[in-house]
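Understanding the architecture of this molecule
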Amino acid sequence: MHILKKYQLLFIIVIVSAALVLFKSLTSSGFKSDADKWAAASFSGENVISQEQLKDLSGNILAIDLSDHGENMAKLPEGAVSFPPKSVMDDRILRMIHQHNGPVVLYADDLAISAKIWMLLSQTGQTQLYVLTDSMDNETIKYKFRPDTLIKPEL
Amino acid sequence: MGPISSVPGFPEWLDLTIAFLIGVGFGFALEQAGFSSSRKLAGMFYGYDTTVIKVFFTAAIVALVGSQFMSYFGLLDLSKVFVNEYYVKASIVGGVIMGAGFIMGGFCPGTGLSALSIGKIDAMVFFIGGLTGAFLFAESFPFIQNLANDSYKGPVKINEIMGLSTGVFTLILIVVAIAMFWVAEIAEKKFARPDITSQL
Amino acid sequence: MNPRIVFSILLGSFGLILAFLPSPGTARLTENPKTLLYQSIEKSAYFSVDQVARFVVSEDSTVLLVDLRNPIDFKQVSIPGSINIPYNQLLNKETNLESYFADNKKRVIFYSNGDLYSGYALVLARGLGFANSYSMKGGLNEWFSTVMNSAFTGDRISARENALFETRTRAKKYFTEINSLPDSLKLQFAQKSSFDPKKLDGGCE
């Protein structure tokens, strides 16, 4: 007790800064630190799966149709849910995704939408998160460039 | 978000003014702490006065802790803070020369200027010596270029080499520092030189 | 109070707090998740290939095209004036993403072959606070099918369509010219259009 009284001021300073740090870490944006790590699955492409690979996924799958009126529900396994892309970060939906135990599969007509929502959800710390696609060759160039051999460089 | 000099459109005159004010503060604090006395500085090597190591270690640790807290609260972007580049051999040779000059002259470059400002004659000679050395280095650079650029490691950090997180490394360094302050106080009692310290 | 003990207690407890914090320098998205979601999926986050074609033919200096594919593909063929940041290196320290956003009047447009990489990159960049990030909808595949293979089929052409086709034709010509150059000259062109990010320097004593 004697020591506590003697260094009272010090302890107050330390406690206040610890409280500030705690406050900051609890009220931060909701994204995890180390964005690189949470984006890693997209670097290797292992987060993109086709309909066939979807069948091989084990566990309790939560399939999400990212469309305004559930247009794509037919393409997804039973038990799929649908909500508009804009509502994914709503507290209720985000909590449901986070609490789901098993793979979460995203599907949208536009691959740009599912890619972006994949990144957003992954950065909030969601694991076992996949993008479902009909065409696995989205990032493959489908056209061959034919150089014009008649062009002379101007020197 | 700091460092403020990297904010786009930050005027150069303000940058220089801030640097000037910090410099004035640094020089004033050095002189107030008695660092303009070469006997106080040399005391570090003989053990009767360990103020130097305590001051510089405290400064380093306060900056380390402070910058990390500021970074955590989004006030400072640590990735923009300059990290000195590491040339292994040049650092060893340079360190030996600097250490020898320090113990012989009784000043390090900063405290030398601080002593010069209060008109110490030995500091003036020290300062001229420093300038001569810089001149000789520049003139002889083509001959020692290979040594100077040898074993370049880039801007490395110790905690990255050791594979520790910055926070854990900071804690280890603080524990080391606390132990060292304690050893330093024992040394001050053991190698006490009241005849010198009473005049400082 | 012995100053040594005061410092020991203060620094020791701060050190303990720090030991639990994540390493500084690891990037973390700072935007509010909801705002970031709205910003990244709304139409204004995209540029169409026709808009990009217009930027290319007018050599618009307020636009920086970033090719997210790997260096080999980039070397083979790329949109004139673009620079290469392979997507998996986007957040590397060496990439120094921030330097490309230093000029806040410059719009940075990400593109890849499709929509995946540019989508990821857009979210990461905007999330890190670089509001000037955009993506090219459809990627190079869309560029080829719309701009490179453009052909007018019909009887009458309106003034608006005429302008569009003229831009496409010019972009196609420019694209073909630059990408047909030998590799060494292509490299020179790429270097000319890229820039060196300014490095902060400093030091002490």
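A brief structural summary. Here the structure is a predicted model, which means the values were calculated and not measured.

Some words on the sheet that holds strand β2 (residues 62-65) of chain A
All names here are of chain A. Strands sit in the order β1-β5-β4-β2-β3 across an open sheet of 5 strands; the sheet is parallel. The sheet terminates laterally at β1 (48-49) and β3 (81-82), the two strands that pair on one side only. Bridging between β2 and β3 involves 2 bridges; their strand directions are parallel. The residue bridging isoleucine 64 from the neighbouring strand is valine 81, located in β3. Here helix α6 (residues 111-123) sits on the sheet and contacts β4 (104-107) and β5 (129-132); the angle it forms with β5, its principal contact strand, is near 180°.

Points about the interface of chain B and chain C
Chain B puts 30 residues into the contact, and the matching count from chain C is 25 residues. Summing both partners gives a buried area of about 2300 Å² for chain B against chain C, and 69% of it is carried by carbon and sulfur. The tally of links between chain B and chain C comes to 0 salt bridges. Applying the counting criterion to the chain B and chain C interface returns 0 residue pairs in polar contact (both at pLDDT 80 or more). Every element with two or more residues in the side of chain B that touches chain C is listed here: α3 (51-72) and α8 (166-190) of chain B. If you tally residues by element for the side of chain B that touches chain C, the top one is α8(B), at 10 residues. When its residues are assigned to classes, the side of chain B that touches chain C shows 16 nonpolar, 9 polar and 5 charged.

Regarding the pairing of β4(A)
All names here are of chain A. Side chains of β4 alternate between two faces, with Val104 and Leu106 and Val105 and Tyr107 buried alike. Note that β2 and β4 share 4 bridges and pair parallel. Across the sheet, the residue bridging to alanine 63 is valine 105, located in β4. Sheet topology note: the β4/β5 ladder contains 3 bridges and is parallel. Bridging from a neighbouring strand, valine 104 pairs with leucine 129 of β5.

Some remarks on the interface of chain C and chain A
By a frequent convention, interface size equals the accessible area lost on bringing the separate parts together. The interface is formed by 58 residues belonging to chain C together with 52 residues belonging to chain A. Of the roughly 4800 Å² buried between chain C and chain A, counting both surfaces, carbon and sulfur atoms make up 72%. When residues of chain C are sorted by the area they lose upon contact with chain A, Arg28(C), Leu116(C) and Tyr120(C) head the list and together hold 13% of the total. The shortest N-O distance in the salt bridge between Asp110(A) and Lys137(C) comes to 3.1 Å. Run the count over chain C and chain A and you get 12 residue pairs in polar contact (both at pLDDT 80 or more). Contributing elements (two or more residues each) for the side of chain C that touches chain A: α1 (3-19), α2 (33-41), α5 (116-127), α6 (139-148) and α7 (159-180) of chain C.

The rules behind each value
- Residues numbered from 1 in each chain as written.
- Chains lettered and ligands numbered in written order.
- Predicted model: local features only at pLDDT ≥ 70, side-chain atom pairs only at ≥ 80, totals over all residues.
- Heavy atoms only, no water.
- Pairing = 2+ DSSP bridges.
- Helix = DSSP H or I, 4+ residues; strand = E, 2+ residues; numbered from the N terminus.
- Contact = heavy atoms within 4.5 Å.
- Axes fitted to C-alpha atoms, helices over the stretch in contact; angles between N-to-C directions.
- Buried area = accessible area lost by both parts, 1.4 Å probe.
- Salt bridge = Lys/Arg side-chain N within 4 Å of Asp/Glu carboxyl O.
- Polar contact = N/O pair within 3.5 Å; in protein donor to acceptor, adjacent residues only side chain to side chain.
- Nonpolar A, V, L, I, M, F, W, Y, C, P; charged D, E, K, R; others polar.
- Buried < 20%, exposed > 50% of the residue type's maximum accessible area, 1.4 Å probe, protein only.

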